[in-house]
Amino acid sequence: MRILLAYVSLLVSLTAHSADYAVVMSSTSAVQTMGADKIRDIFLKKRSFEGSGRVVPVNPLGSDPVRIEFEMQILNMGRDEINRYWVNNHFQGVPPPTTQASLQSVKRFIESVEGAIGYLPIEMVDSNLKIIHEF
Amino acid sequence: MSLLIGQFAQAQEGDYQLGLGYKAHEKFTLGGYFSTEFSQGEDLKEFVLDDVALLAYGNLSENISFLAEIESVGFYSYDFETNSSDTNTRPAIERFYADYKFSDYATFRVGKQITPIGYWNLQPINVLRETTSSPRLSREMFPKFVTGLQVSGFTPLHESIRYSVYLQNTGDMDAKYVNIAVDQHYGFTLEKTLSESWSIGGSAGRFREINQGSTRYFQLNSRFDKGPYTVLLEGIVDYHTAKLLPKVKSSSIYTQFEYRFRPRHAVIARAESFRDDRISLHEKIGVLGYSYRPQFPISLKLEYQWHADSDNNRLVGSFSVLF
C-alpha cells in the first residue's frame, strides 16, 4: 500500500502544473499580489492606480510569444479583439501600453520606472523583481 | 532609483499604425477619420464624403491628458437626382477637453465632450459602428455633447459598477454640429458589468433647449457579447415641458443582433421603434446589414432600411477609415 501511495504521489508531483510566466513589478513596489481581473484592467487601461500609486503597464512587441500567452491567459482576448479594442480607444484618446523591443528591455523598464508592471518568463525573474501573479 | 517613463524609448512597432494614429512623441498622438456614404431610395440618390476629422491627444503630465478634435460634416455631397453638388469645408470643434485623473474612482473632464449615454453615442463615427446608420434614439433623444464638467470612475462601493456625472451650464463650445442646442444639461450614468459577456446600464438627466422648454430623460441599456454574437438592447423616454403647453412624451427602443460569421465579416439585424408625441410621429424601422473589415480600422458596409412609411426605404453603403 505504501508503495502504491508513493507511486501516486510521484505521479501527482510529475504532472502538477507549474507556471511558466509571471506578472512582475519592481522588488521595491509595495504591491504584494494582484488578481488576474485587476491585471487585465491595468493592461486595458481601465485602471491606472494600485493603492495610492500609479501603475505603468509595459508590453513586449506584439510578435513575442510571451505576449501572445499573456493575451490569451490574462486578457482572455484574441489578437483581432485586442486590435479592435485599441482602435476604439484611439478614438477616445487612450493609446495602448508602451512597448519594449525585447524581454531584457521589459525587465529593465520594470526595474527602473516607478509603478511599472509587466510579464516575463519565470526564469528571468531575479531579486530586482517581485512576482505578483503567475500564469 | 526610479526613472520617468519618458526616459525609455518606445519600441519600434512603427510611429504610425493604421487605426492607432501617428505617435509624434511618447506623449502625443495624431489621428483622424473619414467616411463616404451612398444612399438610394424613393427620390433619393446621393453620395456624401462625410465626417472628415482630425484628432490629437496626449499627456501634459502624469495625471493630466487632453484631446482635441475638429470635424467637417458633409465635406462634399453629390445629388444624382438633381445633378448638383455641395461642399462644407469649414471645420468645427467636435471635442476639446482635458482630463485630470485623480484616482480610478474619480477622473475629472472639463471642456466639450461626448455625453456618456448608451453605446452609440460613445462610438459615434461610422468606422467604429457595424451599420452605417445609427438608431434615432442616439441622434434625437438627448444632446450628443456636453460642454462642461464630467466626473467618472469606478464606484467606491462596488468596482463592477462605473459611474459618470455630467454638468453643463452654458452654451455649446461650437454649436455647428450639435443635434440639440442647449444651455443647461445635467445627468448621470451607471454601468454595471455582470460578467465578461454581459453588462447593463442606465442614465437619467435633464436638459434645457435654448429659447425652448426643458426635457427629462430616463434611459436603460444592455449588451451581451459571446463569441461571434453581440446583442444590444436600449430604450429611452423623454418628458418635454414648455411654457403654456402640456407635458408631452417621446420614446424610443431598439434591439440589434450581430453575428460575426467569419473573421472580419458580420451580418446585423436591428429593429427600432420611435415615437414623438410632439409631432404625432410613430416610426418603425428595420435594418438588415452586412459589414466587412479588411482590417478593423477600415470598414465597408451595406444595409437596407425598411421604414413604416415605405417612401423612406433605402439602400445605404459606406466606406470609412480611422487613421
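Residues numbered from 1 in each chain as written. Chains lettered and ligands numbered in written order. Predicted model: local features only at pLDDT ≥ 70, side-chain atom pairs only at ≥ 80, totals over all residues. Heavy atoms only, no water.

**Details of the interface of chain B and chain A**
Logical step 1: Counting from both sides, the interface comprises 52 residues of chain B and, opposite them, 34 residues of chain A.
Logical step 2: Of the roughly 3,300 Å² buried where chain B meets chain A, counting both sides, 55% is carbon and sulfur surface.
Logical step 3: For the pair chain B and chain A, the interface holds three salt bridges.
Logical step 4: The shortest N-O distance in the salt bridge between A:Arg84 and B:Glu258 comes to 3.9 Å.
Logical step 5: On inspection of chain B and its partner chain A, the count reaches 12 residue pairs in polar contact (both at pLDDT 80 or more).
Logical step 6: Mapped by element, the contributors of at least two residues to the side of chain B that touches chain A are β2 (21–25), β3 (28–41), β4 (44–59), β5 (64–72), β8 (92–103) and β16 (248–262) of chain B.
Logical step 7: Of the residues in the side of chain B that touches chain A, the class split is 26 nonpolar, 11 polar and 15 charged. (Contact = heavy atoms within 4.5 Å. Buried area = accessible area lost by both parts, 1.4 Å probe. Salt bridge = Lys/Arg side-chain N within 4 Å of Asp/Glu carboxyl O. Polar contact = N/O pair within 3.5 Å; in protein donor to acceptor, adjacent residues only side chain to side chain. Helix = DSSP H or I, 4+ residues; strand = E, 2+ residues; numbered from the N terminus. Nonpolar A, V, L, I, M, F, W, Y, C, P; charged D, E, K, R; others polar.)

**With respect to the pattern of salt bridges**
Logical step 1: Summed over the entire model, instances satisfying the criterion amount to 20 salt bridges over all chains.
Logical step 2: The closest approach of N and O atoms between B:Glu130 and A:Arg84, which form a salt bridge, is 3.3 Å. Highlighted residues: B:Glu130 in the loop between β9 (106–114) and α1 (137–140) and A:Arg84 in helix α4 (residues 79–91), drawn from two different chains.
Logical step 3: For A:Arg84, a relative accessible area of 24% puts it in the partly exposed group.
Logical step 4: Put simply, A:Lys107 and A:Asp126 hold a salt bridge, and the shortest N to O gap is 2.7 Å. A residue pair is termed long-range when its members are at least 10 positions apart, and A:Lys107 in helix α5 (residues 103–112) and A:Asp126 in the loop between β6 (116–121) and β7 (129–134) qualify at 19 residues.
Logical step 5: Exposure remark for A:Asp126: the relative accessible area of 34% places this residue in the partly exposed category.
Logical step 6: Among the charged side chains, a salt-bridge network with shared partners connects A:Arg84, B:Glu130, B:Glu258, B:Arg260 and B:Arg293. (Buried < 20%, exposed > 50% of the residue type's maximum accessible area, 1.4 Å probe, protein only.)

**Considering the confidence of the model for chain B**
Atomic detail in the predicted coordinates should be set aside for any region of low pLDDT.
Logical step 1: Chain-level pLDDT for chain B is 93 on average; 96% of the residues reach the 70-or-more range.
Logical step 2: As scored by the predictor, the complex reaches a pTM of 0.89 and an ipTM of 0.90. (pLDDT = per-residue confidence, 0-100.)

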